[in-house]
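Chain by chain, the residues run as shown.
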Amino acid sequence: MEQSRKKLRLCGAVTLSMTLAGFGSAHAKEVTDADILNDATITSQVVTHGLGTKGQRYSPLKQINTATVKDLVPIWSFSFGGEKQRGQQSQPLIHDGKMFVTASYSRIFALDAKTGAKLWKYEHRLPEGIMPCCDVINRGAAIYGNLVIFGTLDARLVALDKDTGKVVWRETIADYKDGYSFTAAPQIVKGMLITGNSGGEFGIVGRVDARDPMTGKLIWTRPVVEGHMGYKYDKDGKQIENGISGTTNASWPGDLWKTGGAAPWLSAYYDPDVNLIFIGTGNPAPWNSWLRPGDNLYSAATVAINPDTGQIVWHYQSTPHDGWDYDGVNEFVSFEYKDPKSGQVVKAGGKADRNGFFFVNDRSNGKLLNAFPFVNRIDWAERIDLATGRPVYKDENRPGNPFADGGGDGQKGSVVFNAPSFLGGKNQQPMAFSPDTGYFYVPANEWAMDIWNEPVSYKRGAAYLGAGFTIKPLHDEYIGALRAVDPVNGKIVWEVKNNAPLWGGVLATAGDLVFYGTPEGFLKAINAKTGEEVWQFQTGSGVIAPPVTWEENGEQYIAVVSGWGGAVPLWGGDVASRVNYLEQGGSVWVFRLHKS
Ligand code: CA
């Protein structure tokens, strides 16, 4: 009785708002700052990229666990449709019984989370001449207030009314004709929309922006190539200088900082304990390192930014003076680290870098606490020196200078065979951390490359590499390996090998399970403690996206997007040939325990 009265009142409210359009809001439940900040523990929703702004990708849900997972079955699947398949890397968001999921070619869908029924779809009209480096992918949306906001391949942001799919605002991040694009999931921090940018292979300038999520107007912008001016914006949108990032020409020679790359092309994360945004930066441009002596800040680094000021508080460069395209974009995941020397618990962050090393830094000041390999073979450096915080390079594994080596004719420098390949010990696929086991679950890859340098000069909107390459497998039986990594002793506790390179993300749960997908199409569940495979399901195309979990009416759900593509088929050389049998797709799957 009480319930039906409530329903009636709700109907009345909707009618009222329709007659008094503009005089009040009858929106469904809005997403608040508290929802964002507590996303890691509010199990009825997933409103951040990373299941919480710390990015741990850990859920306290445990209805689906090592004992019950055998009864996990699909309840619906939804096709993204059309001829627009290609790589699908999106992490779905879940709010108020709805799923918001992006798809290839800058599309977003709102679905009924229980039935998979389509509520609305938005397809961004893409211009000719976009320049995404690594497939027409998208990694997900942000959700705030009554808006769902995502980025597009032509470097724009689009905010839609989450209930109707109507566009509320559109803003341009940068000019796609310069090589800019956008593929990451934006993140909400302290009521601001935080984004980076993509385009590091085109000599763009990496930048982090904060916007008002309700209007799209800029609040501050912080370049992450040393030497560029940062800005903040007043209420009227007037640009005010906000200090140069670092010191012009301190770590870049000549004018190279003007086209220095360092694109922060994955999501930002945020830890309220230290009030810092963490974002990773990509390779310095061009790839040919002989053209840019110096550390080339803030490329290939973790950068910590104060959200209130837009200033860089600390940085840690995992590959100073990168010469291998070791983008440092991987997620810096906040966790509590028990220092084995002092016995103290330190507010730390963990990062499995593309360069093959796992880094643990104090997240309040960036100080390096631990660094160890998470792949079996690393050629470019002997180790990371914990005292200096810098790699001990093997100089012979830096591709040669075209003007000094390989004949010195200025055409092609000496070729080096080097592991990891530039696609990395880990790439865009996000890892998970379980506070139950204390392990990071890292989707790693074992591969190498032939790489050499060539001359290059900057040309607007053209690839700016100065390098050639072929990626090569190291083993016949596997490239990928899901690894449980102990951040304290640096040991790999267990691993599950995979024939194709792993390119999806990981989800850890209190049910002692780790979920991840494979390019071969399987979503798998692994015992988080032992590494035993306990469940799998074939999704019909390769999984290169991170799974999520939530609960509604006392039932736990798992979702993952399926659709093979991304960087491997485009850039993977001999590995791309090896996996060219994999089929494209484009769908999202939802699972729950079978009710008998
Ligand atoms: Ca790159």
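Residue numbers run consecutively from 1 along every chain, following the written order of its sequence. pLDDT decides what is reported in this predicted model: residues at 70 or higher carry local features, side-chain atom pairs at 80 or more are listed and counted, and totals for whole chains, interfaces and linings draw on all residues regardless. The basis for every side-chain value is the complete set of heavy atoms in the structure, and neither hydrogens nor water enter the calculation.

1. Some thoughts on the pairing of strand β25 (residues 381-385)
- Examined bridge by bridge, β25 and strand β26 (residues 390-393) share 4 bridges and lie antiparallel to one another. Across the sheet, I384 pairs through a bridge with P391, a residue of β26.
- Counting the residues in the hairpin turn of β25 and β26 gives 4 residues, including G389, whose phi is positive at 80°. By definition, two strands form a pair when at least two bridges between them are found by DSSP. Secondary structure elements follow DSSP: runs of H or I no shorter than four residues count as helices, runs of E no shorter than two count as strands, and numbering proceeds from the N terminus.

2. A few points about the coordination of the calcium ion
- Only E201 (OE), N283 (OD1), D325 (OD), D327 (OD) and D327 (OD) from the protein coordinate the calcium ion, and they sit 2.3 to 2.8 Å from it.
- Metal donors were taken as nitrogen, oxygen and sulfur atoms no farther than 2.8 Å from the ion, or 3.2 Å where the ion is Na, K or Ca. Water is excluded, so coordination may look unfinished. Mapped onto the sequence, the residues coordinating the calcium ion show the spacing E-x81-N-x41-D-x1-D. In this pair, E201 sits in the loop between β12 (192-195) and β13 (207-211) while D327 sits in the loop between β20 (311-317) and β21 (333-338), placing the two residues 126 residues apart along the sequence.
- For the exposure calls, accessible area comes from a 1.4 Å probe over protein chains only, and a residue counts as buried if that area is under 20% of its type's maximum, exposed if over 50%, partly exposed in between. Using a relative accessible area of 9% as the deciding quantity, one classes E201 as buried.

3. Things to note about unusual backbone geometry
- Following A285, the chain continues into P286 via a peptide bond in cis, with omega recorded as -5°.
- Examined against the element boundaries, P286 turns out to sit in the loop between β18 (276-280) and β19 (301-306).
- Omega for the bond connecting L297 with Y298 falls within 30 degrees of zero, at -5°, which places this linkage in the cis form.
- Residue placement: Y298 occurs in the loop between β18 and β19.
- Here the phi dihedral of D135 falls at roughly 85°; this positive angle occurs in a residue that is not glycine.
- Positionally, D135 belongs in the loop between β6 (118-123) and β7 (142-144).
- Note on D135: relative accessible area 5%, which makes it buried.
- Phi is positive for N296, which is not a glycine, with a value near 60°.
- On the secondary structure map, N296 appears in the loop between β18 and β19.
- Among the residues examined, N296 registers a relative accessible area of 0% and is labelled buried.

4. What to know about the side chain of E201
- Charge counting follows a simple rule: Lys and Arg are positive, Asp and Glu are negative, and His as well as the terminal groups are ignored. Put simply, a salt bridge is a Lys or Arg side-chain nitrogen that is within 4 Å of an Asp or Glu carboxyl oxygen. Buried within the structure, E201 lacks any salt-bridge partner; its nearest side chain of opposite charge belongs to R354, at an N-O separation of 5.6 Å.
- In what follows, a contact means two residues having at least one pair of non-hydrogen atoms within 4.5 Å. Leaving out residues up to four positions away in the same chain, E201 has contacts with C133, N283, W287, D325, A462, A463, Y464, L465 and W571.

5. Overview of the pattern of salt bridges
- Scanning the entire structure with this criterion turns up 33 salt bridges.
- Residue D135 is joined to R86 by a salt bridge in which the shortest nitrogen-to-oxygen separation is 3.0 Å. Taken as a pair, D135 in the loop between β6 and β7 and R86 in the loop between β2 (72-79) and β3 (93-95) lie far apart in primary sequence, 49 residues in all.
- Linking K217 and E171 is a salt bridge whose minimum nitrogen-to-oxygen distance equals 2.9 Å. Of this pair, K217 sits in the loop between β13 and β14 (218-223) while E171 is found in strand β10 (residues 167-172), placing the two residues 46 residues apart along the sequence.

6. Some words on the state of the cysteines
- For the purposes of this analysis, a disulfide is any pair of cysteine sulfur atoms at a distance within 2.5 Å. Taken as a whole and assessed by the stated rule, the structure comprises 1 disulfide.
- There is a disulfide in this structure between C133 and C134, and the S-S distance comes to 2.1 Å. Looking along the S-S bond of the C133-C134 disulfide, the torsion reads about -100°, which is the left-handed sense.
- For C133, a relative accessible area of 29% corresponds to the partly exposed category.
- C134 sits in the partly exposed class, given a relative accessible area of 23%.

7. Describing the environment of V167
- Note that V167 resides in strand β10.
- Residue contacts for V167: discarding those within four places in its chain leaves Y122, V158, A159 and L160.

8. So, the nonpolar core
- To qualify as a nonpolar core, a set must consist of buried Ala, Val, Leu, Ile, Met, Phe, Trp, Tyr and Cys residues joined through side-chain atoms within 4.5 Å. Core analysis: the largest hydrophobic core is formed by 56 residues, its most contacted members being F358, F374, L423, F440, V442, W447 and V568.
- Beyond its immediate stretch of four places on either side in the chain, F358 contacts G350, K351, A352, N370, A371, F372, F374, M431, F440, V442, V485 and P487.
- In this structure, L193, W252, W257 and Y464 belong to the second largest nonpolar core, which totals 45 residues.

9. Things to note about the confidence of the model for the chain
- When pLDDT is averaged along the chain, the result is 94, and 95% of the positions lie at 70 or above.
- Confidence of the prediction at every residue is given by pLDDT, a number between 0 and 100. Taken together, the stretch residues 1-25 has pLDDT below 50 and engages in 4 contacts with residues farther than four places along the chain or on a different chain.

10. Remarks on the side chain of D154
- In this structure, D154 sits in the loop between β8 (147-151) and β9 (156-161).
- Side chain to side chain, D154 and R156 meet in a polar contact 3.2 Å long.
- D154 has contacts with H124, R125, L126, P127, I130, A174 and Y176, leaving out every residue within four places of it along the chain. In protein, a polar contact means a hydrogen-donor-capable atom and an acceptor-capable atom, both N or O and within 3.5 Å, with residues adjacent in sequence counting only if both atoms are side-chain atoms; elsewhere, any N or O pair within 3.5 Å suffices.

11. Some details on the packing of aromatic side chains
- Only Phe, Tyr and Trp rings take part, Trp by its six-membered ring, and two of them pair if their centres are within 6.5 Å. Stacked means planes under 30 degrees apart, edge-to-face means over 60, and tilted covers everything else. Inspection of the entire model under this criterion finds 38 aromatic pairs.
- Summarising the aromatic geometry, the rings of W324 and Y326 are spaced 5.8 Å apart at their centres and angled 20° between planes, so their arrangement reads as stacked.
- Taking relative accessible area as the criterion, W324 reaches 0% and is therefore assigned buried.
- Here the aromatic rings of Y439 and Y441 are separated by 6.4 Å at their centres, their planes lie at 70°, and the arrangement is edge-to-face. Of the two residues, Y439 and Y441, both sit in the buried class.
- An aromatic cluster of three or more residues is present, and its members are Y316, W324, Y326, F357, F359, W380 and Y393.
- Only when the NZ atom of a Lys or the CZ atom of an Arg is both within 6 Å of the ring centre and within 35 degrees of the ring normal do we say a charge sits over the ring. Looking at K412, its charged tip hangs above the ring of W452, at a distance of 4.1 Å from the centre.

12. Regarding the environment of Y326
- Summarising the element assignment, Y326 is placed in the loop between β20 and β21.
- Taking the C-alpha atoms as reference points, Y326 and N427, 101 residues apart in sequence, are found 9.4 Å from one another.
- Those residues in contact with Y326 that sit more than four places away from it in its chain are A300, T319, D353, R354, N355, W380, N418, A419, P420, S421, F422 and M449.
- In this structure the side chain of Y326 is engaged in a polar contact, spanning 2.7 Å, whose partner is the backbone oxygen of P420.

13. What to know about the sheet that holds strand β40 (residues 587-593)
- Across the sheet, which stays open at both edges, the 4 strands sit in the order β2-β40-β39-β38 with antiparallel pairing between neighbours. Only two strands of the sheet have a single neighbouring strand rather than two, namely β2 and β38 (548-552). Averaged over all pairs of adjacent strands, the angle between their axes in this sheet comes to 25°, without regard to strand direction.
- Pairing geometry for β38 and strand β39 (residues 555-562), over 5 bridges, is antiparallel. Each bridged residue has a counterpart across the sheet, and for V548 the counterpart in β39 is A559. Under this scheme, a helix contributes an axis fitted over its contacting stretch, all axes are lines through C-alpha atoms, and angles between N-to-C directions fall in the 0 to 180 degree range.

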